[in-house]
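# Remarks on the overall topology
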Amino acid sequence: MKIHEFQAKQILANYGVPVPKGRVAASADEARAIAQELGGKVVVKAQIHAGGRGKGGGVKLANSPDEAARAFGQVHGMQLITHQTGPQGQKVKTVLIEEQMPIDRELYLAVLIDGAAGRPVMMASAAGGMDIEDVAAKDPGAIFRVSIDPVTGFQPHLARELCFSLGLTGELMKPASQLMAALYAAFAASDASLAEINPLVVTKDGRVLALDAKMNIDDNALFRHKDIEELRDKDEEDPSEVEAAEKGISNFIKLDGNIGCLVNGAGLAMATMDSIKFAGGEPANFLDIATANDVTKVVDALLIISRDPNVKAILVNIFGGMARVDVIAEGIIQAQRKMEKAIPVVARLAGTNVEEGERLIRESGLPVIRADDLGDAAKKAVEAARAA
Ligand code: GDP
Ligand code: MN
């Protein structure tokens, strides 16, 4: 789950990461009042769950309370387009007003999970304020990494190593090391999958602060972070994912392709997506329907998939173990009757009650394209999508 910058900064600050003073404003008048409190010079920042706000015009420097009020008017309600929002952009509903910082250097600092190592890694770069993906592509040597043992936590020698790499020596070393330790503490305690500060700034008066903050929390750990779960902003999430979650379909992730997938089992779902790609197509979603012996869930899932305007074909790949193929078949039939537009469905069904499932589909008279195995199913789905 993603949270907003101002929320991430609040969490980081609770663990001792220095952040600029500021708070959210609900109106231009409030923006003016906050700017007054903060000494007049502020930054007016759009809060959306996407980066690149600065370049998109969502971060404005204001040098007086009146300018802050004006900037609030420009940013609040704007449709902010960044490289992460897609072409339609994201409407700005929340605006953060913060004191301006006299920036000397912009750095990059983040903690994330290193999947290959199975451990957290702290990443840092002197090229802050830029897209880290760009830095990684153009100058991979400019990114420094230290692997963290989750049992012993973030050790002081790791902080010193990163500080030397970043040139944070002398007086800066102590506050920078403390900030790194605090960042790791916040990351670990929140069950975050990412805690990123870009830019981390060194000010002209020698302070080190998080000027921006981004945190992603592991969904599987949210049950033990009720306080963080309350920060969920559904307006920032994909509507089809929100609907799926509300209907108890938790493993649904929207993607950009045109072949919808209904599969049971996460591993089979991954294999199905690979097969679609191998056959030259692109999946429109990841979906693990799990052991859903529940017709309604199958119908809900198929309808959510079918409402995606990109979807031109649906591939159903079910291996009935505990799941019953006849229940899935009933779901496919009911969903096809309810779909607003006719979308070809390719079904590869195997396992428990497969004969009964086959019979139901045959007798429904609906045009379900049958496939014998996964490779065949993927090929037929790609053909159906192309033909549509
Ligand atoms: P992002 O574009 O979504 O990553 O938003 P950021 O919060 O990182 O802000 C973008 C850029 O605005 C930063 O890299 C800074 O260059 C600039 N900026 C943000 N806050 C301040 C500030 O207090 N003072 C100055 N001078 N620049 C700032
Ligand atoms: Mn940033």
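So, how was this worked out
Residues numbered from 1 in each chain as written. Chains lettered and ligands numbered in written order. Predicted model: local features only at pLDDT ≥ 70, side-chain atom pairs only at ≥ 80, totals over all residues. Heavy atoms only, no water. Pairing = 2+ DSSP bridges. Helix = DSSP H or I, 4+ residues; strand = E, 2+ residues; numbered from the N terminus. Axes fitted to C-alpha atoms, helices over the stretch in contact; angles between N-to-C directions. Near = heavy atom within 4 Å. Polar contact = N/O pair within 3.5 Å; in protein donor to acceptor, adjacent residues only side chain to side chain. Areas by Shrake-Rupley, 256 points an atom, 1.4 Å probe, with all protein chains shown as cover. Nonpolar A, V, L, I, M, F, W, Y, C, P; charged D, E, K, R; others polar. Domains from an automatic or database assignment. Buried area = accessible area lost by both parts, 1.4 Å probe. Salt bridge = Lys/Arg side-chain N within 4 Å of Asp/Glu carboxyl O.

## Structural notes on the sheet that holds strand 14 (residues 259-263)
The strand order across the open sheet built from four strands is 14-16-17-18, with neighbouring strands paired in parallel fashion. Edge positions in the sheet fall to strand 14 and strand 18 (368-370), since each has one partner strand and no second. Each strand of the sheet is rotated relative to its neighbour by a mean of 25°, with strand direction disregarded. As defined by bridge partners, strand 17 (residues 345-351) adjoins strand 18 across three bridges and the pair is classed as parallel.

## Topic: the site of ligand 1
Neighbouring ligand 1 are 17 residues; Lys45, Arg53, Gly54, Met101 and Glu106 lie closest to it. Take arginine 53: an N or O atom from its side chain is 2.7 Å from an oxygen atom of ligand 1. Between ligand 1 and glycine 54, the relevant distance is 2.8 Å, taken from an oxygen atom to a main-chain nitrogen or oxygen of the residue. Relative to its unbound accessible area of 570 Å², ligand 1 is 79% covered by the protein chains. Contributions of two or more residues to the shell around ligand 1 are made by strand 2 (42-47), strand 3 (59-62), strand 7 (103-114) and strand 10 (192-203). Each residue belonging to the shell around ligand 1 can be placed in one class, and the counts come to seven nonpolar, five polar and five charged. Both domains that meet at the shell around ligand 1, namely domain 1 (1-19 + 102-237) and domain 2 (21-100), each give it at least three residues.

## A word on the domain arrangement of the protein
You'll often see interface size given as the accessible area lost when the parts meet. We note that the domain assignment places domain 1 (1-19 + 102-237), domain 2 (21-100) and domain 3 (239-387) within the protein. Spacing between the C-alpha centres of domain 1 and domain 2 amounts to 23 Å. A combined buried area of about 1400 Å² lies between domain 1 and domain 2, and 36% of that area is made up of carbon and sulfur atoms. Its largest share of buried area at the contact with domain 2, domain 1 owes to Glu5, Phe6 and Glu236, together 37% of the area lost on that side. Between the two partners, domain 1 and domain 2, sit six salt bridges. The partner of glutamate 5 in a salt bridge is lysine 45, with the nearest N and O atoms 2.7 Å apart. Here the element with the most residues in the side of domain 1 that touches domain 2 is helix 1 (residues 5-14); it accounts for three residues.

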